[in-house]
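# An overview of the molecular structure
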Amino acid sequence: MSRSNDSASRLVAVLGPTNTGKTHLAVERLCAHSSGVMGFPLRLLAREIYDRVVAIKGPKEVALITGEERIEPPGARWYLCTAESMPVYSGSGSKDSRQFAFAALDEAQLGADPERGHIFTDRMLHVRGREETMILGSESLRPMVKALLPEAEIISRPRFSTLSYSGPKKLSRLPQRSAIVAFSVEQVYAVAELLRRLRGGAAVVMGALSPRTRNAQVEMFQSGEVDYLVATDAIGMGLNLDVQHVAFAGLSKFDGNRTRRLTVAEMAQIAGRAGRHQRDGSFGTVAGEAGEMTAEEVLAIESHQFLALDWMYWREAAPRFDSLTRLIADLEAKPDGPPLRAAPEAIDLAVLKRLADMPQVTARLSGPKSVARLWEVASLPDFRQTGAEHHSRFVAGMWGHLADGGGLPHSYVAGELARLDNIQGDVDTISARIAAARTWAYVAHRADWVEDPPAMAERARRLEEKLSDALHNALRQRFVDRRTSMLLRKGGSDDALLPVQVDAENQVFVDGEHIGALDGFAFRVDSTARVGERKLLLAAAERHLAAYLKEKARAVAMAETEEFSLGRDGEGRPALLWQGAVLGHLARGRSLLQPLFKPARAVAGLEGDDLRAIVERADGWIQAQLARHMGGLVALNQLAADAATDGVVRALVARLADAGGIAGRQFLADTLTALPKEARGAARKAGIVFGALDVYHHAILKPAATRWRAALFSAQTEKPMPELPPESAVHLKEWDFASAADCRNAGYRRVGNEYVRIDLAERVIKKAHEARGERLEFGMDMAFATSLGLSEEGLQALMRDAGFRRIETPPAPIAAEGAEAAAAPAGEPAPSETPAGDGAAVSEPEAEPATEVVEAAPVDAVSADAGANGEGEGDSTGSSPVAVASQPVNLTYWRWIGIRTAKPAPHRGRTQERKPQKRQKPEHAAKAAPAVARPKADAPSALALQLAALKEKMGG
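Residues numbered from 1 in each chain as written. Predicted model: local features only at pLDDT ≥ 70, side-chain atom pairs only at ≥ 80, totals over all residues. Heavy atoms only, no water.

## Concerning the overall build of the protein chain
The number of helices and strands found in the protein chain is 35 helices and 35 strands. Contacts in the protein chain between residues at least 24 apart in sequence constitute 71% of all its contacts with a sequence separation of at least 6. With the model as given, the accessible surface of the protein chain reaches about 43,000 Å², and the carbon-plus-sulfur share is 52%. (Helix = DSSP H or I, 4+ residues; strand = E, 2+ residues; numbered from the N terminus. Contact = heavy atoms within 4.5 Å. Areas by Shrake-Rupley, 256 points an atom, 1.4 Å probe, with all protein chains shown as cover.)

## A look at the packing of aromatic side chains
By the definition in use, this model includes 14 aromatic pairs. Aromatic side chains Tyr79 and Phe100 sit 5.4 Å apart centroid to centroid with 65° between the ring planes, which places their arrangement in the edge-to-face category. Placement of Tyr79 in strand β5 (residues 78–82) and of Phe100 in the loop between β5 and β6 (102–105) is noted, with a sequence separation of 21 residues between them. Here Tyr79 matches Phe100 in class, with each residue buried. Each ring, one from Trp735 and one from Phe737, has its centre 6.2 Å from the other, and the planes form 55°; the classification is tilted. Pairwise contacts between aromatic rings join Trp735, Phe737, Tyr748 and Tyr755 into one cluster. (Phe/Tyr/Trp six-rings, centres within 6.5 Å; stacked < 30°, edge-to-face > 60°. Buried < 20%, exposed > 50% of the residue type's maximum accessible area, 1.4 Å probe, protein only.)

## Considering the side chain of Thr671
Mapped onto the elements of the fold, Thr671 is located in helix α24 (residues 669–674). A residue is classified by how much of its surface remains accessible, and Thr671, at 8% relative accessible area, is buried. There is a polar contact of 3.4 Å between the side chain of Thr671 and the side chain of Asp670. Apart from residues lying up to four places away in sequence, Thr671 is in contact with Val648, Ala651, Leu652 and Arg655. (Polar contact = N/O pair within 3.5 Å; in protein donor to acceptor, adjacent residues only side chain to side chain.)

## Describing the sheet that holds strand β33 (residues 777–781)
Taken in spatial order, the three strands make up an open sheet running β33-β35-β34, and their pairing is antiparallel. Taken across any chain shown, the strands that pair with only one partner, and hence form the sheet edges, are β33 and β34 (804–807). Looking at each pair of strands side by side, their axes are set apart by 45° on average, direction ignored. Bridge count between β34 and strand β35 (residues 891–896): four bridges; the pairing is antiparallel. Across the sheet, residue Ile807 finds its bridge partner in β35, namely Tyr893. On top of the sheet, helix α30 (residues 792–801) reaches β33, β34 and β35; it is set at about 135° to β34, its chief contact. (Pairing = 2+ DSSP bridges. Axes fitted to C-alpha atoms, helices over the stretch in contact; angles between N-to-C directions.)

## Quick look at the pairing of strand β3 (residues 62–66)
By the criterion of burial, β3 is predominantly enclosed, with five of the five residues buried. Side chains of β3 alternate between two faces, with Val62, Leu64 and Thr66 and Ala63 and Ile65 buried alike. Relative to strand β4 (residues 69–71), β3 is paired through three bridges, and the arrangement is antiparallel. From the neighbouring strand, Thr66 faces β4, where its bridge partner is Glu69. Counting the residues between successive antiparallel strands, the hairpin from β3 to β4 contains two residues.

## Concerning the environment of Pro725
Relative to the elements of secondary structure, Pro725 occurs in the loop between α26 (703–717) and β30 (731–732). For Pro725, a relative accessible area of 11% gives the class buried. Between the C-alpha atoms of Pro725 and Arg707, which are 18 residues apart in sequence, the distance is 9.9 Å. When near neighbours in sequence (up to four residues on either side) are disregarded, Pro725 contacts Leu732, Trp735, Phe737, Ala746 and Tyr748.

## What about the sheet that holds strand β32 (residues 754–757)?
The pairing of strands in a sheet comes from backbone hydrogen bonds and takes either a parallel or an antiparallel form. If you walk across this open sheet you meet the three strands as β30-β32-β31, and the pairing is antiparallel. The strands lining the two open edges of the sheet, one partner per strand, are β30 and β31 (748–751). Helix α28 (residues 758–772) contacts β31 and β32 of the sheet and is inclined by roughly 85° relative to β32. Lying over the sheet, α30 contacts β31 and β32, oriented at roughly 105° with respect to β31.

## Things to note about the nonpolar core
The biggest cluster of nonpolar side chains holds 70 residues, and the ones touching the most others in it are Ile180, Leu352 and Leu355. Look past the residues within four positions of Leu352 in its chain and what remains in contact with it is Leu324, Leu327, Ile328, Leu331, Leu374, Trp375 and Ala378. One finds Leu545, Leu606, Leu656 and Ile700 within the second-largest nonpolar core, a separate group that totals 64 residues. (Core = buried A, V, L, I, M, F, W, Y, C linked by side-chain atoms within 4.5 Å.)

## Notes on the side chain of Glu297
Tracing the chain through its elements places Glu297 in helix α8 (residues 295–303). You can call Glu297 buried: its relative accessible area is 9%. Reaching out from Glu297, the side chain makes a polar contact with the side chain of Arg261 at a distance of 3.0 Å. Once residues lying within four places of it in the same chain are set aside, the contact partners of Glu297 are Arg261, Val264 and Met267.

## Quick word on the confidence of the model for the protein chain
Confidence along the protein chain averages 80 in pLDDT terms, with 79% of residues attaining 70 or more. Across residues 907–956, where pLDDT falls below 50, the model places 71 contacts with residues more than four positions away in sequence or in other chains. (pLDDT = per-residue confidence, 0-100.)

## Some remarks on the pattern of salt bridges
The full count for this structure, using the stated rule, is 51 salt bridges. Arg10 is the salt-bridge partner of Glu153, the closest N and O atoms lying 3.2 Å from each other. Separated by 143 residues along the polypeptide, Glu153 in strand β8 (residues 153–156) and Arg10 in strand β1 (residues 10–15) bring together distant segments of the chain. Judged by relative accessible area, which is 36%, Glu153 ranks as partly exposed. (Salt bridge = Lys/Arg side-chain N within 4 Å of Asp/Glu carboxyl O.)

## A look at unusual backbone geometry
Residue Pro339 follows Pro338 across a cis peptide bond; omega there is 5°. The residue Pro339 is located in the loop between α9 (324–331) and β18 (340–342) in this model. Not every positive phi belongs to a glycine, and Glu107 is a case in point at roughly 55°. With respect to the helices and strands, the residue Glu107 is situated in the loop between β6 and α3 (117–126). We note that His304 has phi near 60°; this positive angle belongs to a residue other than glycine. Relative to the assigned elements, His304 resides in the loop between α8 and β17 (312–314).

## Looking at α28
In this model, α28 (15 residues) spans 21 Å end to end at C-alpha, consistent with the 21 Å of a helix rising 1.5 Å per residue. Across the 15 residues that make up α28, a large majority, 14, are buried. Backbone geometry just downstream of α28 places Gly773 in the positive-phi region, at approximately 65°. (Expected span 1.5 Å × (residues − 1).)

## Observations concerning the packing of helix α21 (residues 608–629) against α26
Put simply, α21 and α26 touch, their axes get as near as 9 Å, and they point 130° apart. Here α21 is positioned oblique relative to α26, judged by the angle of their axes. The handedness of the crossing between α21 and α26 comes out as left-handed. Of the residues in α26, those touching α21 at Trp621, Ile622, Gln625, Leu626 and His629 are Ala704, Ala705, Trp708 and Leu712. Residue composition of the contact of α21 with α26, grouped by class: seven nonpolar, two polar and no charged. (Parallel < 35°, antiparallel > 145°, perpendicular 65-115°, else oblique. Left-handed = near helix turned anticlockwise from the far one by under 90°. Nonpolar A, V, L, I, M, F, W, Y, C, P; charged D, E, K, R; others polar.)

## Thoughts on helix α19 (residues 546–557)
For α19, with 12 residues, the first-to-last C-alpha span of 17 Å sits near the 16 Å given by 1.5 Å per residue. Turning to α19, its buried residues number three or more, namely Leu549, Lys552, Ala553 and Val556. Viewed end-on, α19 has its buried residues packed into an arc of 105°, placing them on one side of the element. Looking at the packing, one finds that the buried side of α19 touches β21 (513–519), β23 (564–568), β24 (574–578), β25 (581–587) and α21. (Arc of directions from axis to C-beta.)

## Here we look at the packing of helix α10 (residues 347–356) against helix α13 (residues 388–402)
Running from N to C, α10 and α13 cross one another at 65°; their axes reach a closest spacing of 9 Å. In this structure, α10 crosses over α13, and the sense of that crossing is right-handed. On the side of α10, the interface is formed by Ile347, Ala350, Val351, Arg354 and Leu355, while α13 contributes Ala388, Glu389, His391, Ser392, Val395 and Ala396. Of the residues contributing to the contact of α10 with α13, the split by class is seven nonpolar, two polar and two charged.

So, in structure tokens, the structure goes:
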């Protein structure tokens, strides 16, 4: 392909602003010819058009040639290249003999660019197609075309749509489908990060990106995954994007020498990307980031009227290689005159000059071929942007291998590629590796520079793709919050129609994006969400979950009984759970057995029939559970309401029901005193157990009943529901009840610093009375008490509460006690059954010390632990004297002193509330035990009874 003077060859210059379809026209003409070549300013744009032509002609017919990428099938007829890579000249300076029917150069006005202008000027002057040549550029290029290409036919292409200025806007107010243009990597990152927080993210496009990364980022924007694009001014070089608004994040840029304000033509080139074909576009600035455009700049951009170019940069495209000095002189030569100017020193010439000053480089020059090869090496692009000094040292290192005409060692290139094969790191780190990989990809495509070029080029290509994918993921992770973007983007009237999924772990996804989790009907925002996202996610849940929660409400209304359970909510209140999630809590009702169900806040947010169905199902389940597990309490209330029952019994069961089915005898002292012995039968038939220390209903100590009693009192007192001991626990050592009421409601009695279940404490006391019989002092096998886990201190505390005191010496012979009993006066009344005092209650200030010692009433025949966990039902056995005598046992000895009577505790209402007592320290436990009165002065002792019996016998 060379410059031709053939009159049959048509030379056309297509000029006009952006969005005029110039590139599209050139591609159509390219495909219309039997062969063709087209040069572009960017590798990214060349790749974009390559993909388009491949879709028309097929991959075997189309080639892509850029500095670091070469796809050239055998027999390819259509070539898409960067301007530098167009097949015009070979490295030796001879013309390429290949001829193309069509040739085109895009963005030819870049001939005025200080860094690359001489390349575009040269291509404009020398690129010719055999049949047709097309020069594409802005209207400002017209004077240059007339001056340099007087034979060219100029075609003006007007813009298809209107471009208007919309003024400065905050980032948060930018319309969707906007592109924000920045002029430094730091500014690109800052804007993208801010858009991530405000709008869910943005795609990022920079000239340094690989085509693979750029395409992946653009695809996010084109597909609508994100509505914002942050780019450098590379966006103005013909990249075809669906942009409606262009916002300038700055109006100045560093051009390699200084920071200067953008020219109007540069502004127009970028702003012109807004709008597409016949769709209008707008442009403006980012408020607070860039200043405002002047009225003259706005008018020029909107009317597409710019200052015409009156010069272009030029550099000798075919320098001589006689010597290094001659080469440098030709590259610095001046053009013949206007409208061409000598190009500023480019990076390749700067590197060449530095190499010329290195003795180790010049010493290996041996003729024109060697000088030409050095120029090829010096022309290696500085993809890493390290600057002329650093880049020249890198090139000098390569020259050491290439100076003699050989290639770079395979191990050397492979080692460099292996060193870069690492996808770890942030955006900047991966970008730097891609830039280095591009360098080696460029090297690998030079057939005379490396061993086995195809294999090495393929390896470099795979590495760049791998790093590009990692960079895309890093950019997406850093600058795109797909969840926020999706929720903001799809916030229209059809937003509620987006697919909602709730997985087995109750994680909520909207359109595939995780927004949080459901805890029952309550939505919990994703814990990883930032503070600014929480309100958005809550609003999204409210919109999207309405239909799902409606279905869930129906599921609750139809749920099986086993799906519900009793527990505690986050505030410690007794709660009704459905499938482990809180539906609501129990609140104070008209009575202990009539709590109210208060729906949780999330459930209460439901409307109409859905809420009503849940409340009705919850109330029904609560009443069914109370009837099932609190039958003893229900029975007590029914007995208290039965008019046919004796009034004293009704009073007793009413007070016992108020106390939740368990009460210390002291609490019921006045009622028990008034209760005739013949009336106790009715009470026992109702399930009441009269223990030595406590009175309770036999079914009220079952685990489920205990749990419900704790919940009912918590609701009634509006206090947190206490944590209950394990259901199988009969003795607690490491536990701490908040109050005596909590202890009793849980079914335990405190003995010293330990707790033992009430029914089992009564069994121990019952066994003690059975072992005592009619004696005051007796021996007892404490194996059962020990099996409960009671310590020695706990056992003594329990026996002390029950009226027993430990003695160290064995008791007197039974015969003597029999004589004692025989000496009793015939007319003395039998000891009366007196209510035993509650050890804890006796120590209260208002309890008055008793003045007499009386024998305790026998424990009821109903087993003290009947119905509780199924342990010991119907067990009324004790350690009889025969049993003790028939087998070896380890006896401990006790003296029956009696339980002192105490002033009955006043009735405190239905909640049995008492002031919590301070827990005594172990060393003072004995002091906290109930005080026991000494025998009355006139009570006959055992010795007095013996003397009386002897006197009576002698007198007889």
